[in-house]
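# Chain and residue survey
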Amino acid sequence: MAHASDLIATDIEQYLAQHETKGLLRFITCGSVDDGKSTVIGRLLYESKMLFEDQLAAIEADSKKWGTQGGAIDFALLVDGLAAEREQGITIDVAYRFFSTDRRKFIVADTPGHEQYTRNMITGASTAEVAVILVDARKGVLTQTRRHSYLVSLIGIRKVVLAINKMDLVDYSQQVYNRIDGDYRAFARQIGLEDITTIPLSALVGDNMTTPSAATAWYHGPTLMGFLESAEIDENRLQAGPLRLPVQWVNRPHLDFRGFAGMIASGSVKPGDRIRVQPSGRESTVARIVAYRGDLKQAVAGQSVTLTLADEIDISRGDLISGAAEPAEVADQFEATVVWMADEPLLPGRPYLLKIGTRTVGASITEAKYKVNVNTLEHTAARQFGLNEIGVCNLALDQAVPFDAYKANRETGGFILIDRLTNGTVGAGMLHFALRRAHNIHLQHVDVDKAARSKAMGQKPVVLWFTGLSGSGKSTIANLVEKRLHALGRHSYLLDGDNVRHGLSKDLGFTDADRVENVRRVGEVARLMVDAGLIVLTAFISPFRSERRLARSLVAEGEFIEVHVDTPLEVAESRDVKGLYKKARRGELRNFTGIDSPYEAPEQPEIRIDTVELTAERAAEQILQNLRRRGVIS
């Protein structure tokens, strides 16, 4: 609902015109459990006359059923929408509310205070410009207060309101106010928060919410609403920065028009400006700036426009249009901070999708450097990141992308990580800088390439990737296939799981993280062998689909043949030549696939071998016949 105005009844068009031109401020409320975040927002809505009569009636009824104020209006229920939240009296999900005053429009995100909902808070803070951090006047600065302040600093919010709530419960003591203010500012200096405004509140009573309170005559600062209405939005800084326009859509309504649409992330642009398209590096000049109501003489950060260029150059969704004089950096390896949001841990080497701006590329974590204990700010060594954990890592992409450091530009320095199989968002991150090797290491051209080598050998190079449970017969069948290839005069090599762990992967164990790294290494070796023109056979359990998909992506289309050696667990366990299943059942062998570690069977393998129905010799012959049909061997 919009702020109540007399113009609504007298001149609706003028009211809408005023409303359209108001500035918009996005802010979040955060703090420890029961600090009164939802009550603050509910009180703002109530005092700003933002509620219809039926909403007031509903909240009065809900207050009697769910409220904590003895039948009086419980303003927190205006925001705590989930039944679980009302029953427990806490915020779980991020709740967004829109409201406006005569001076400004607002979108507020009420974020949860519990540590297990850190990912929810990061989501709410990702677009905010101001953070309202609540502190219970009785409790002072708590561990969760410091954690939320660190997250606010991490996400790049520069303006902070320290709202010392429930002042009525400490008799509006100035001494309590000064102590909490001093404690918080001392901590804030450690994490780089400088623009802090401290306001004493009683959201329940309404003190200093929209009007100054007589109970705090010693306080001479702004009210909460007064601060929100007058806080400077960061638009000026963004508009003064270099031009960055992520291309969202190529607008081609007919043959005579080709424009590139998107929202300007920073800077400004005018017709005649010289621009550079990244990552390609091609340059041109802006011919027109097309908007909904006609051409513009200038466009600035925050506006959605379509640019037409003087030259016909190749631009597509995901490219970045930058000012030619101050282009973005382009790299494919970075140091970054990642906030992990999934139940399954982040594992180095595992393939993910990374979306930065409008561009989506393949990505993997090459090294987890450390985790940050957000309660103490201590750095601890880590090999993986779990749910709600924050850490610093090195990141490698499968292609170069244009970017700015997150501290310089949140739009071109922030990214999300996406699970390749489920398409779910599993992490959010902030780029720090490009690794030096991203600029200094380049592919060296060679004259003798894969095609020349395979022609000399008279064969088509491929990877035969055997996967299945321990005891399924992978190594036995792969060994028989290679013997027959050798008898046919073909050039091949067998990478066996046990043999590789005596050398290439001797430093790895059998945790999920180590298994991912083992398969990554084998995949890279297999890629090099295919480049050498060989028929490569790999016999590994390789239990995870995502890693097998990564191995497939390393070689060209048609060069990866997945062979699922399909054996039921009870059959594989009955064979147990090495006695591994018995050890796993006794608890002597941890992380054993099929017992206490999962095996994700291939969904659409090129070849499926049923070892219950087929002998190893017949299975090998079936694979050779498949290779003949594919033209790998004649």
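Residues numbered from 1 in each chain as written. Predicted model: local features only at pLDDT ≥ 70, side-chain atom pairs only at ≥ 80, totals over all residues. Heavy atoms only, no water.

### Let's talk about the packing of aromatic side chains
- A complete count under the given rule lists 10 aromatic pairs for this structure.
- With a centroid separation of 5.1 Å and 55° between ring planes, the pair formed by tyrosine 177 and tryptophan 218 is classed as tilted. Of the two residues, tyrosine 177 sits in helix α8 (residues 174-190) while tryptophan 218 sits in the loop between β6 (195-200) and α9 (224-230), which places them 41 residues apart along the sequence.
- Ring pairs connect the aromatic residues Phe27, Phe99 and Phe106, which therefore count as one cluster.
- Geometry around phenylalanine 544 places arginine 350 over its ring, the cationic atom sitting 4.9 Å from the centre. (Phe/Tyr/Trp six-rings, centres within 6.5 Å; stacked < 30°, edge-to-face > 60°. Helix = DSSP H or I, 4+ residues; strand = E, 2+ residues; numbered from the N terminus. Lys NZ or Arg CZ within 6 Å of the ring centre and 35° of its normal.)

### Here's the deal with the pairing of strand β17 (residues 329-340)
- Counting buried residues in β17 gives nine out of 12 residues, a clear majority hidden from the surface.
- Sheet analysis places β17 next to strand β23 (residues 425-434), joined by seven bridges and oriented antiparallel. Bridged to alanine 336 within β23 is leucine 431. (Buried < 20%, exposed > 50% of the residue type's maximum accessible area, 1.4 Å probe, protein only. Pairing = 2+ DSSP bridges.)

### What about the packing of helix α6 (residues 118-125) against helix α7 (residues 143-155)?
- Closest axis-to-axis distance for the α6/α7 pair is 10 Å, and the angle between their directions is 40°. What the angle tells us is that α6 and α7 run oblique. You can see that α6 and α7 cross each other, and the crossing is right-handed. For the pair α6 and α7, contact is made by Thr118, Met121, Ile122 and Ala125 and by Arg147, His148, Leu151, Val152 and Ile155, respectively. (Axes fitted to C-alpha atoms, helices over the stretch in contact; angles between N-to-C directions. Parallel < 35°, antiparallel > 145°, perpendicular 65-115°, else oblique. Left-handed = near helix turned anticlockwise from the far one by under 90°. Contact = heavy atoms within 4.5 Å.)

### Section: the environment of leucine 580
- Relative to the assigned elements, leucine 580 resides in helix α19 (residues 580-585).
- C-alpha of leucine 580 to C-alpha of glycine 471: the two residues are 109 residues apart in sequence and 9.3 Å apart in space.
- Not counting residues within four places of it along the chain, the set of residues in contact with leucine 580 comprises Ser470, Leu589 and Phe592.

### As for helix α17 (residues 545-553)
- When α17 is considered as a whole, its buried residues turn out to be Ser546, Glu547, Arg548, Leu550 and Ala551.
- Tucked inside the fold, the buried residues of α17 contact β18 (351-356), β24 (462-467), α16 (512-531) and β27 (560-566).

### Thoughts on the pattern of salt bridges
- Using the criterion set out here, one finds 30 salt bridges in the structure.
- Aspartate 531 is the partner of arginine 453 in a salt bridge, and the nearest nitrogen-oxygen pair spans 3.3 Å. Highlighted residues: arginine 453 in helix α13 (residues 450-457) and aspartate 531 in helix α16, separated in sequence by 78 residues.
- For arginine 453, a relative accessible area of 25% puts it in the partly exposed group.
- The class of aspartate 531 is partly exposed, set by a relative accessible area of 35%.
- Of the charged contacts, one joins arginine 484 and glutamate 621 as a salt bridge, the two residues approaching to 2.9 Å between their closest N and O atoms. Separated by 137 residues along the polypeptide, arginine 484 in helix α14 (residues 474-487) and glutamate 621 in helix α20 (residues 616-629) bring together distant segments of the chain.
- Taking relative accessible area as the criterion, arginine 484 reaches 26% and is therefore assigned partly exposed.
- It is possible to trace a salt-bridge network through shared partners that takes in Asp507, Glu517, Arg520 and Arg521. (Salt bridge = Lys/Arg side-chain N within 4 Å of Asp/Glu carboxyl O.)

### Focus: the pairing of strand β3 (residues 104-110)
- With six of its seven residues buried, β3 lies for the most part within the structure.
- Of the strand pairs in this sheet, strand β1 (residues 23-31) and β3 are connected by seven bridges, and their pairing is parallel. By the bridge assignment for β3, leucine 24 is matched with lysine 105.
- Where strand β2 (residues 95-100) lies against β3, six bridges are found, and the strand directions are antiparallel.

### A look at the sheet that holds β3
- The six strands are arranged β2-β3-β1-β4-β5-β6 in an open sheet whose pairing can be described as mixed. Unpaired on one side and paired on the other, β2 and β6 mark the two borders of the sheet. Strand after strand, the sheet turns through a mean of 25° between neighbouring axes, direction not considered.
- Contacting β1, β2 and β3, α6 runs over the sheet at an angle of about 160° to β1.

### A word on the environment of alanine 324
- Here alanine 324 shows up in the loop between β16 (320-323) and β17.
- On the basis of relative accessible area, alanine 324 is assigned to the buried category, the value being 15%.
- In the structure, alanine 324 is positioned 51 residues away from aspartate 273 in sequence and 8.5 Å away in space, judged by C-alpha atoms.
- Residues contacting alanine 324, with those up to four places away along its chain left out, are Arg274, Ile275, Arg276 and Glu283.

### A short note on the side chain of serine 454
- In this structure, serine 454 sits in helix α13.
- Separated by 3.0 Å, the side chain of serine 454 and the backbone oxygen of alanine 451 make a polar contact.
- Sequence-distant contacts of serine 454, that is, excluding residues within four places in its chain, are made with Gln459, Pro461 and Gly533. (Polar contact = N/O pair within 3.5 Å; in protein donor to acceptor, adjacent residues only side chain to side chain.)

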